[in-house]
Amino acid sequence: MSLVFEKLTQVLTAGEQWVIGIVGDSVRVSASSYPVTVALYSGGREIGRMSGMEAGDYARGVKFDQVRIISADAQSVTVQVAGGGVGSDRVTGEVSVIDGAGARTKAGVAFFAGASAGAAAGFYSGVQLWNPAGSGKRIVVSRIFAGTAAGPSLMHVRSMTSALSVLDSSPSNKLIGGAASVSQVRKSSSEATIPGDLVMLFSMASSQKEAVELKEPVVLGDGFGLSVFVNAVNVTVTAAFELIEEAI
């Protein structure tokens, strides 16, 4: 076998197959944000299929003339195809760790969302990130922003299984011109009690805004929402979220 070494990168949509027609005997996933399936072919026949491969995983010692990379999620994937004893021992997964966020933005799966719910006498106001039933996506929330013009306040972050009454907007793709979000930003200024189940709460000084960094993200399946309320009536609430959308 002649010496072969190719390092290739491709941005894949959810469910897309990336076909690489190179003869070799080694293939390695150098970078990916999510697991992929790697299928090897020889003479038009599939000779091996590896599911759930992540950055750093590889197959060696099997001669092939075509590689297919299949991703269930939209993402940027880098693979190394080699043959004839050529390879690389560089630390793999480095790109995924350092620039995983950048890869998700380039893949068009990262979004901003936010709205403001006005004050209403005798009622609680809240803002919600909602994942509609049947969306086919799960929503991964990495950061929450909250603000209120009230005095020192206790802010509620709550999970919900029903949508707030008013559809405000759709999240904006961080990839400018990217695909529309499946999720919704909703709000309400007419809640007699604070709805949903308490996930977390935090105090906020008067007329301040807080950014809540989540060590582990909150994940919303379809038919679930995440809402921000303040524990006082007749108060305007502003909330925003950073999120990614993953195929289920």
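Let me sum up the structure you'll find in this document. (Residues numbered from 1 in each chain as written. Predicted model: local features only at pLDDT ≥ 70, side-chain atom pairs only at ≥ 80, totals over all residues. Heavy atoms only, no water.)

1. Focus on the sheet that holds strand E5 (residues 45–53)
Okay, so step 1: Spatial ordering of the open sheet is given by E2-E7-E4-E5, a layout of 4 strands whose pairing is antiparallel. Only two strands of the sheet have a single neighbouring strand rather than two, namely strand E2 (17–20) and E5. On average, each strand axis in the sheet is tilted by 15° relative to the strand beside it, whichever way the strands run.
Okay, so step 2: In terms of strand pairing, strand E4 (residues 36–42) meets E5 through 6 bridges, oriented antiparallel. Note on E5: the bridge partner recorded for Ala39 is Arg49. (Pairing = 2+ DSSP bridges. Helix = DSSP H or I, 4+ residues; strand = E, 2+ residues; numbered from the N terminus. Axes fitted to C-alpha atoms, helices over the stretch in contact; angles between N-to-C directions.)

2. What to know about unusual backbone geometry
Okay, so step 1: Even without a glycine there, the phi angle at Asn234 is positive, about 60°.
Okay, so step 2: Mapped onto the fold, Asn234 is located in the loop between strand E18 (224–230) and strand E19 (237–247).
Okay, so step 3: Of the residues examined, Asn234 reaches a relative accessible area of 42% and is grouped as partly exposed. (Buried < 20%, exposed > 50% of the residue type's maximum accessible area, 1.4 Å probe, protein only.)

3. Structural notes on the side chain of Gln75
Okay, so step 1: For Gln75, the location among the structural elements is in strand E8 (residues 75–83).
Okay, so step 2: When its relative accessible area of 1% is taken as the criterion, Gln75 is described as buried.
Okay, so step 3: Within polar-contact distance, the side chain of Gln75 engages the backbone nitrogen of Ser33 at 2.8 Å.
Okay, so step 4: At a separation of 2.9 Å, a polar atom in the side chain of Gln75 contacts the side chain of Ser71. (Polar contact = N/O pair within 3.5 Å; in protein donor to acceptor, adjacent residues only side chain to side chain.)

4. Quick notes on the pattern of salt bridges
Okay, so step 1: For the structure shown, the criterion picks out 5 salt bridges.
Okay, so step 2: Among the salt bridges present, the one from Glu242 reaches Arg143, with a minimum N-O distance of 3.3 Å. Placement of the pair is Glu242 in strand E19 and Arg143 in strand E11 (residues 137–148), with a sequence separation of 99 residues.
Okay, so step 3: Look at Glu242 and you get buried, because its relative accessible area is 11%.
Okay, so step 4: When the shortest N-O distance is used, the salt bridge between Lys174 and Glu242 registers 2.4 Å. Here Glu242 lies in strand E19 and Lys174 lies in the loop between strand E14 (172–173) and strand E15 (184–191), a separation of 68 residues in the sequence.
Okay, so step 5: Look at Lys174 and you get partly exposed, because its relative accessible area is 24%. (Salt bridge = Lys/Arg side-chain N within 4 Å of Asp/Glu carboxyl O.)

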